[in-house]
Number of protein chains: 4
Amino acid sequence: MRIKTLFLNCTLKKTPETSNTEALIKKAEAIFNSLGAQTEILRLADYHISLGIVPEKVDEKDEFPLIYNKIKEADILIVGSPIWFGNRSSLVQQLMERLDGSYTQANKDNGQYPLYNKVAGTIITGNEDGAHMVASQTLFNMMHLGCTIPPNSDCYWVGEAGPGESYIKEGGAKHLYTNKTCHFLVHNTFWYAQLLKQHPNPNNLNTLYEAAQKES
Amino acid sequence: MRIKTLFLNCTLKKTPETSNTEALIKKAEAIFNSLGAQTEILRLADYHISLGIVPEKVDEKDEFPLIYNKIKEADILIVGSPIWFGNRSSLVQQLMERLDGSYTQANKDNGQYPLYNKVAGTIITGNEDGAHMVASQTLFNMMHLGCTIPPNSDCYWVGEAGPGESYIKEGGAKHLYTNKTCHFLVHNTFWYAQLLKQHPNPNNLNTLYEAAQKES
Amino acid sequence: MRIKTLFLNCTLKKTPETSNTEALIKKAEAIFNSLGAQTEILRLADYHISLGIVPEKVDEKDEFPLIYNKIKEADILIVGSPIWFGNRSSLVQQLMERLDGSYTQANKDNGQYPLYNKVAGTIITGNEDGAHMVASQTLFNMMHLGCTIPPNSDCYWVGEAGPGESYIKEGGAKHLYTNKTCHFLVHNTFWYAQLLKQHPNPNNLNTLYEAAQKES
Amino acid sequence: MRIKTLFLNCTLKKTPETSNTEALIKKAEAIFNSLGAQTEILRLADYHISLGIVPEKVDEKDEFPLIYNKIKEADILIVGSPIWFGNRSSLVQQLMERLDGSYTQANKDNGQYPLYNKVAGTIITGNEDGAHMVASQTLFNMMHLGCTIPPNSDCYWVGEAGPGESYIKEGGAKHLYTNKTCHFLVHNTFWYAQLLKQHPNPNNLNTLYEAAQKES
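A brief look at the structure comes next. (Residues numbered from 1 in each chain as written. Chains lettered and ligands numbered in written order. Predicted model: local features only at pLDDT ≥ 70, side-chain atom pairs only at ≥ 80, totals over all residues. Heavy atoms only, no water.)

Here's the deal with the overall build of chain A
The number of helices and strands found in chain A is 6 helices and 6 strands. Taking 17 Å as the expected radius of gyration for a compact globule of 216 residues, we find that chain A reaches 18 Å, a close match to that expectation. A burial count over chain A gives 63% of its 216 residues as buried. Excluding contacts between residues fewer than 6 apart, the proportion of contacts in chain A whose partners are at least 24 apart in sequence is 79%. Per element, the accessible surface of chain A, about 7600 Å² overall, is 49% carbon and sulfur. (Helix = DSSP H or I, 4+ residues; strand = E, 2+ residues; numbered from the N terminus. Rg over C-alpha atoms; globule rule 2.2 N^0.38 Å. Buried < 20%, exposed > 50% of the residue type's maximum accessible area, 1.4 Å probe, protein only. Contact = heavy atoms within 4.5 Å. Areas by Shrake-Rupley, 256 points an atom, 1.4 Å probe, with all protein chains shown as cover.)

Some thoughts on the relation of the copies chain A and chain B
Aligned on chain B, chain A shows an RMSD of 0.0 Å; the corresponding rotation is 180° and the shift along the axis is 0.0 Å. Taken together, the rotation and translation describe the operation of a two-fold axis. A symmetric contact is evident, with 100% of the interface residues of chain A recurring at the interface of chain B. (Least-squares fit on C-alpha atoms with pLDDT ≥ 70 in both.)

Description of the packing of aromatic side chains
For the coordinates displayed, the defined rule picks out 32 aromatic pairs over all chains. Relative to B:Tyr192, the ring of B:Trp191 lies with its centre 4.9 Å away and its plane at 85°, an arrangement referred to as edge-to-face. Pair check on accessibility: B:Trp191 and B:Tyr192 agree, each one buried. Counting every residue linked through ring pairs, the aromatic cluster contains A:Phe85, C:Tyr103, C:Tyr113 and C:Tyr116. (Phe/Tyr/Trp six-rings, centres within 6.5 Å; stacked < 30°, edge-to-face > 60°.)

Here's the deal with unusual backbone geometry
A negative phi holds for most residues other than glycine; trans holds for most peptide bonds. The omega angle of the peptide bond from A:Thr15 to A:Pro16 is 5°, so this bond is cis rather than trans. Take A:Pro16: it is sitting in the loop between strand E1 (4–9) and helix H1 (20–34). Residues other than glycine seldom take positive phi values, yet C:Phe85 does so here, at roughly 60°. In this structure, C:Phe85 sits in the loop between strand E3 (76–84) and strand E4 (87–88). The phi dihedral of D:Asn117 falls on the positive side, at around 70°, and the residue is not glycine.

Structural notes on a positive patch on the surface
There is a patch of like positive charges on the surface, built from A:Lys14, A:Lys61, C:Lys14 and C:Lys61. Within the element layout of this structure, A:Lys14 appears in the loop between E1 and H1. Relative accessible area serves as the criterion here: at 46%, A:Lys14 is assigned to the partly exposed category. (Patch = residues over 30% accessible without salt bridge, like charges linked within 9 Å, V, L, I, M, F, W, Y side chains within 5 Å. Salt bridge = Lys/Arg side-chain N within 4 Å of Asp/Glu carboxyl O. Lys, Arg positive; Asp, Glu negative; His and termini not counted. Charge placed at Lys NZ, Arg CZ, Asp CG, Glu CD.)

With respect to the interface of chain A and chain B
Contact with chain A, which involves 46 residues of that partner, is made by 46 residues of chain B. Both faces combined, the contact of chain A with chain B buries some 4100 Å², and carbon together with sulfur accounts for 64% of it. The tally of links from chain A across to chain B stands at 18 residue pairs in polar contact (both at pLDDT 80 or more). Breaking the side of chain A that touches chain B down by element, the ones donating at least two residues are helix H4 (131–145), helix H5 (176–198) and helix H6 (205–215) of chain A. The element contributing the most residues to the side of chain A that touches chain B is H5(A), with 12 residues. Its residues assigned to classes, the side of chain A that touches chain B comprises 24 nonpolar, 17 polar and 5 charged. (Buried area = accessible area lost by both parts, 1.4 Å probe. Polar contact = N/O pair within 3.5 Å; in protein donor to acceptor, adjacent residues only side chain to side chain. Nonpolar A, V, L, I, M, F, W, Y, C, P; charged D, E, K, R; others polar.)

Some thoughts on the relation of the copies chain C and chain D
Take chain C, turn it by 180°, move it 0.0 Å along the axis, and it overlays chain D with an RMSD of 0.0 Å. Comparing contact sets, 100% of the residues at the interface of chain C also lie at the interface in chain D, consistent with an isologous, same-surface contact.

Focus on the pattern of salt bridges
Residues and elements named next belong to chain A. All chains considered together, the criterion is met by 16 salt bridges over all chains. One salt bridge connects Lys-197 with Asp-75, and the closest N-O pair in it is separated by 2.9 Å. Separated by 122 residues along the polypeptide, Lys-197 in helix H5 and Asp-75 in the loop between helix H2 (64–73) and strand E3 (76–84) bring together distant segments of the chain. Judged by its relative accessible area of 34%, Lys-197 is partly exposed. Residue classification places Asp-75 among the buried positions, given a relative accessible area of 11%.

Examining the side chain of D:Ser19
Residue and element names in this part refer to chain D. Positionally, Ser-19 belongs in the loop between strand E1 (4–9) and helix H1 (20–34). Relative accessible area serves as the criterion here: at 4%, Ser-19 is assigned to the buried category. At a separation of 2.9 Å, a polar atom in the side chain of Ser-19 contacts the main-chain amide nitrogen of Glu-22. Look past the residues within four positions of Ser-19 in its chain and what remains in contact with it is Asn-9, Thr-11, Arg-43 and Ile-168.

With respect to helix H5 (residues 176–198) of chain D
When the terminal C-alpha atoms of H5(D) are compared, their 33 Å separation across 23 residues agrees well with the 33 Å that a helix rising 1.5 Å per residue should span. Among the 23 residues that make up H5(D), 19 are buried, leaving the element largely enclosed by the rest of the structure. (Expected span 1.5 Å × (residues − 1).)

Structural notes on the environment of C:Leu44
Note that C:Leu44 resides in the loop between strand E2 (38–43) and helix H2 (64–73). Sequence separation between C:Leu44 and C:Glu29 is 15 residues, and the spatial gap between their C-alpha atoms is 17 Å.

Observations regarding the interface of chain C and chain D
If you look at the interface, chain C gives 46 residues, while chain D gives 46 residues. With both sides pooled, the region where chain C packs onto chain D buries about 4100 Å², and carbon together with sulfur makes up 64% of that total. Taken together, chain C and chain D are joined by 0 salt bridges. There are 18 residue pairs in polar contact (both at pLDDT 80 or more) connecting chain C and chain D. Among the elements of the structure, helix H4 (131–145), helix H5 (176–198) and helix H6 (205–215) of chain C are those that each provide at least two residues to the side of chain C that touches chain D. Looking at the side of chain C that touches chain D residue by residue, the class counts come to 24 nonpolar, 17 polar and 5 charged.

Interpretation in functional terms is not warranted from these geometric data alone.
Shown next, in the form of structure tokens:
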């Protein structure tokens, strides 16, 4: 079965505005495609995402369920984010707020959250600083939701201290370290996704939960 | 082959002072033992760890190489930390500073860092607040060093806002959520450690590195 | 001249839904009023705030300029936030994204950013963990935008590890530490706001900027 | 009375090793001196600082009390830090751990912590990323301990993504943004230190504490 990678680009810019983060995402996409993975890039800014803490439709305008369905169908989830004030974009935070309620949709048979058996990574671009902050928070959240985090599953580009040009104008596409980590990100998430297809997380979570309750 | 778990307890207290973090670590240890894993708890405060950014001996008093050897022999690394001012203890940060130089010890045949094929998790206790901060930073660092981060591989206990009793005095041992996540942490890190024994990370990193260099 | 305090409540809930963060904000408001300060509580969720990185109107629906005007008129800015996944709400992040462009509106005579001479603090509520993370990031951003941060200008309530009741249901209103820090927050921000009314930040920033350019 | 500035350089390198952070600190020192401030640069790595959470001597070798005395005598505290793994150095964390106990030394007459009436700032250098993280955590801690945080009281230099040269070799001394923020840091902390000499924090904290206790 083909591995499906979903890029959740949390740029603040709607299509067709140029997104620096998407320029780096496309590098990763090409490598995924060369490995035989199916890919889709989705910009959250193109959808109306209502404020809320559950993945289900919260009001009439809300389009988050469309995004959530794509998330559930993917094997690899790559969260893309620009950096603002050293932090991830408000859309990354909104993504996590909406996914928070996915905990309650745990599989009845084995207690696993809906994002178990998925692999997560992150791609970040910013003018100058904040990539570690954004990556650590974002991968931690995805891990909490059930994803597996392979080694070196972050890829980022940042320039020097202070305001400056962004990834595209600064020629980030030729940045050796960023390109190297882009390869690591893709190959590592791809390998773990294949591994989990063959060896899915075992069915022992629910039992554990009961065990913990008895013990307390 | 038996799975070896090493708990790196970064409490500021030397043995035999009572460590709250160790009390929770021991809960996890018992579960690991019940699964057949070999375990060792090590307190960094019991060693003289010199300031530095390489794992090798940096001066005459330095005992970090002893710790580094144990790290390299383990399959599962669980970093234990108390919370001070919302952050991980200075010993966790020192551990990361010393492991920073391990990047340069990448396997010559496949380019992988020494901590590839190891699985990481974290156990945290604090009076009141900071567990997400400590866990996200610590797991992110371990992932960067080469470890795999399974889903739900953090376990923590914190009390209410403000100064208060710690894990042991507050009766944290009966805390349902902490106990549940302790089970998740152990079972999930154990399952991934077994999986990686059978299916180690493939030998394609060095090649990728060269590919990235050519492309740039 | 009366001191004006603006509470920017970044709860995800629209009026009239019950906001736990607002319950704690109202405690602070009562103390501010007892000191003679004028107060206003504003929920960002009640406005349509378009994605963007400037405070000016970015599209037809955008109501952020109304909020920005209130921010410019206030002496004290208290950012209120719930905690989701250990982080501040997406609306706090959006507030910062929109204020980012305020840097370019520096006073032509003295080079100061629009938020100079204002005092900032923060009020946070969450089920269990993340207050230090939210407070440190938020106060740091406000400081960068030009605000002064008095000692002990954060006030928060969090419960024990794991899902649980929120501030109101858990009886947070009687929490000694939270109440003490609420007093500190109000008295300290109020005293600094008065001090800055009498002794505003001096007019030497622009000069310094030129000096730095020459030196470089 | 002359303003005293104490630079707490938390580099991992002992004197006389070259510290990049100290190179930037010296830029700030020269500006402080030009304003008439008295300055001292202290490297924590030159002292034996025992593990602990109180400022008092914790064992025979412990030299932290010497540092604590200098801290209490200073008007301005500038914490200098390199960045390792996106975080502040272990010595910054150790500084905070030792200062944690200063809360209990609150002034009996007015309840204020020992660091009230002091002004704090931070100077950071790193190869590539993490300045916002280090600055936000460090200034937040100092604010909690009693310090006032002026606007724009952080100054940092970081290079591009990935390993690279440090501040000195990369020619950071000519970096416009870093130089500009160095001026802001010095002038702003200096102005607030003078202001607090003339208008010290009022004596109403202890009273507030009692008020909070009654109300609860």
